[in-house]
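Residue-level structural notes
What follows is the residue order along each chain.
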Amino acid sequence: MKICFISKFDSFVRLALNYAIQFKRFNWEVTFVVLEKNKLSNSQISHLNNELKIHQIKVETYRKEIVLDSTAIFFCLTGGYIKKIIRSIALLMEKDRPYLISAYPGVVYQNIYDGFTSRNLCDLIIFPSFKEKLLYEGYCKEYRLTDNGIVGGYFKNKCHIGDDFTNDVVFAEQTVVPNTIFDRLYLARKLIEFAEKNQHKNLFIKPRITLSGTSLFETKLHILDALHTVKNKKLPDNLKITYEPIEYYTSQGATCVTISSTAAIETLQFHDKIAFISDFGPSENNGGTYFRNSNVEYSFSELIAGHVRNINKEWKKQVYISNDKCIEKIIEKVERDVAHNIRPGYQNSRKLYSNEYLTSPESRARLGIRTYKYIQTRFVKLLNLIKRIL
């Protein structure tokens, strides 16, 4: 059987690669498509190409013929992109079509119903943990849908050896959490204060992207710019900027601190030393609601003072499970549904959207419209470039 993986942006591409390797292991013929590969960093492209070569996975350019020739299509994309692609190909809106799968790359706390609705064009939705799956079950009951969700867990990261970071902290930065310039300056100031008052610890700050890098979401103020805006003079010696993977530090004992990055959840593979910053309040935009009851939410004042609490074990069970405990069930379900021509996404989508909307000719038109968001994004990039030159 053939399966085509379609992905875009770094975390989604990494997820697609992990699942592609597993489907290959279960004797599926795998095709791999990356949309806008130029938006990945050179190191990401190098790693991707190396892994695809090792596992003998075929790389293709996106074409409608490749998609329709597949037994199954696995979307590692945002809900909006999934909807856009499915609606753009008329045959994917019919009942007799390839089996459609989608998956989330990490914790789900923003635009929850919007994501559920877009992904319900697919026949199987893979969630990272039981917490998201429970939310989805409530959504299905509310809209009388077939529950086509399954828990996929988190893929294990590499365990590094050779260094000891037991006494140290790594901060997993995010491009748009927090999102305002005021909040990002506050974050920078508190990170500097933490380093200055805990000189016996190293504070490694892992930016989500480099100064010239791109990601799914555009930042209003890069963390490096924020740090140097707050402190014009030299940063504390124990505050170190790093582009090593988070797991390089956490697998060797470091505490993972973040506002709402999935990196902290993935740290649970190694140990329970994680902390979520609560200063910005329980906002859905910041992910604060997701970590309620974890018992590892801290204000910066608590972290600076050295407070430590044990994680809520029941909460941990809800949010973390390893993929190796889930993968066989996922592939078995896909193969069973394909064999019996089961397509719950077809029925679910008709309950959520009007058939006229799903099959409208506008969805297949290529419009050359420059949106306000597009223009705004280009202006911000140009402004940042000018600032760096000056």
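Our structure's up above, just so we're on the same page.
Just so it is clear, the model here is predicted, and its values are computed rather than measured.

**Focus: the environment of Leu-52**
Along the polypeptide, Leu-52 turns up in helix H2 (residues 42-54). The sequence separation of Leu-52 and Ile-223 amounts to 171 residues, and the corresponding C-alpha distance is 33 Å. With sequence-adjacent residues up to four places away left out, Leu-52 is seen in contact with Leu-17, Phe-32, Ile-57 and Val-59.

**Details of unusual backbone geometry**
Keep in mind that most residues, glycine aside, have a negative phi and that most peptide bonds are trans. If you check the backbone angles, Asn-111 has positive phi at about 45° while not being a glycine. On the secondary structure map, Asn-111 appears in the loop between strand E5 (99-103) and helix H5 (112-119). For Asn-111, a relative accessible area of 59% puts it in the exposed group. Positive phi outside glycine occurs at Asn-341, with the angle close to 55°.

**Some words on the layout of surface pockets**
Roughly 350 Å³ of internal volume is contained in the second largest pocket. Looking at the second largest pocket, it is lined by 22 residues, and the ones nearest its centre are Thr-255, Lys-273, Tyr-298, His-307 and Val-308. Those elements giving two or more residues to the lining of the second largest pocket turn out to be strand E11 (255-258) and strand E12 (274-277). Counted by class, the lining of the second largest pocket contains 10 nonpolar, six polar and six charged residues.

**Some details on the side chain of Arg-97**
For Arg-97, the position within the fold is in the loop between helix H4 (79-88) and E5. For Arg-97, a relative accessible area of 5% gives the class buried. Leave out the neighbours within four places in its chain, and Arg-97 touches Leu-91, Leu-92, Leu-121, Asp-123, Arg-343, Gly-345 and Tyr-346.

**Thoughts on helix H14 (residues 344-352)**
Looking only at H14, the buried set comprises Pro-344, Gly-345, Asn-348 and Ser-349. Axial view of H14: buried residues confined to an arc of 120°, hence all on one face. Looking at the buried residues of H14, the elements they touch are helix H6 (130-143) and helix H15 (355-358).

**Points about helix H7 (residues 181-197)**
If you check H7, its first and last C-alpha atoms are 24 Å apart, about what 17 residues at 1.5 Å a residue would give, namely 24 Å. The set of residues buried in H7 consists of Arg-184, Leu-187, Ala-188, Lys-190, Leu-191, Ile-192, Glu-193, Phe-194 and Ala-195. Where H7 is buried, its residues touch strand E8 (169-172), strand E9 (203-206), helix H8 (223-230), strand E10 (239-241) and helix H11 (300-305).

**Some details on the pairing of E5**
Across the five residues that make up E5, a large majority, five, are buried. Side chains Tyr-99, Ile-101 and Ala-103 project from E5 onto one buried face, and the interleaved Leu-100 and Ser-102 project onto a second face that is buried too. Pairing analysis gives four bridges linking strand E4 (residues 72-76) to E5, with the strands arranged parallel. Across the sheet, residue Phe-75 finds its bridge partner in E5, namely Ser-102. Crossover E4 to E5 through H4 is right-handed. Relative to strand E6 (residues 124-127), E5 runs parallel, the two being bridged by three bridges. In the strand pairing of E6, Ile-101 is matched with Leu-124. Assessed by its sense of winding, the connection that carries the chain from E5 through H5 to E6 is right-handed.

**What about the nonpolar core?**
Core analysis: the largest hydrophobic core is formed by 53 residues, its most contacted members being Leu-203, Leu-227 and Ile-265. Tallying contributions element by element places H7 first for this core, with six residues. The residues contacting Leu-227, other than those within four sequence positions of it, are Ala-188, Ile-192, Ile-205, Leu-235, Leu-239 and Ile-241. Counting residues in each nonpolar core, the second largest holds 39 residues, with Phe-9, Leu-48, Tyr-99 and Leu-124 among its members.

**Description of the environment of Asp-163**
Its place among the elements puts Asp-163 in the loop between strand E7 (149-151) and E8. Along the primary structure Asp-163 and Gln-252 are separated by 89 residues, whereas in three dimensions their C-alpha atoms are 6.5 Å apart. Ignoring any residue separated from it by four or fewer positions in sequence, one finds Asp-163 in contact with Tyr-248 and Gln-252. At 2.6 Å, the side chain of Asp-163 and the side chain of Tyr-248 are in polar contact.

**Side note on the sheet that holds E5**
Ordered in space as E3-E2-E1-E4-E5-E6-E7, the seven strands form an open sheet in which the pairing is parallel. Because the sheet does not close on itself, it has two edges, and the strands there are strand E3 (58-59) and E7. Taken together, the six bridges between strand E1 (residues 2-7) and strand E2 (residues 29-34) define a ladder with parallel strand orientation. Pairing of Ile-3 across the sheet is with Val-30, part of E2. Helix-sheet contacts for H4 involve E1, E4 and E5, and the interaxial angle to E4 is about 145°.

**Focus on the packing of aromatic side chains**
Taken as a whole, this structure holds 30 aromatic pairs when the rule is applied. Centre to centre, the rings of Tyr-19 and Phe-74 are 5.1 Å apart; their planes meet at 35°, and the pair counts as tilted. You can see Tyr-19 sitting in helix H1 (residues 10-25) and its partner Phe-74 sitting in strand E4, a full 55 residues away along the chain. We note that Tyr-19, like Phe-74, is buried. Ring geometry for Tyr-186 against Phe-280: centres 5.7 Å apart, planes inclined by 85°, an arrangement best described as edge-to-face. Taken together, the residues span a long stretch of sequence, with Tyr-186 in helix H7 and Phe-280 in the loop between E12 and strand E13 (297-298) at a distance of 94 residues.

Rules used throughout
Residues numbered from 1 in each chain as written. Predicted model: local features only at pLDDT ≥ 70, side-chain atom pairs only at ≥ 80, totals over all residues. Heavy atoms only, no water. Helix = DSSP H or I, 4+ residues; strand = E, 2+ residues; numbered from the N terminus. Contact = heavy atoms within 4.5 Å. Buried < 20%, exposed > 50% of the residue type's maximum accessible area, 1.4 Å probe, protein only. 1 Å grid on protein atoms, 1.4 Å probe; cavity = no way out; pocket = protein on both sides within 12 Å on 5 of 7 lines; lining within 4 Å. Points joined across faces, edges and corners; volume = space filled by probe spheres on them. Nonpolar A, V, L, I, M, F, W, Y, C, P; charged D, E, K, R; others polar. Arc of directions from axis to C-beta. Expected span 1.5 Å × (residues − 1). Pairing = 2+ DSSP bridges. Right-handed = clockwise from strand over helix to strand, strands pointing away. Core = buried A, V, L, I, M, F, W, Y, C linked by side-chain atoms within 4.5 Å. Polar contact = N/O pair within 3.5 Å; in protein donor to acceptor, adjacent residues only side chain to side chain. Axes fitted to C-alpha atoms, helices over the stretch in contact; angles between N-to-C directions. Phe/Tyr/Trp six-rings, centres within 6.5 Å; stacked < 30°, edge-to-face > 60°.

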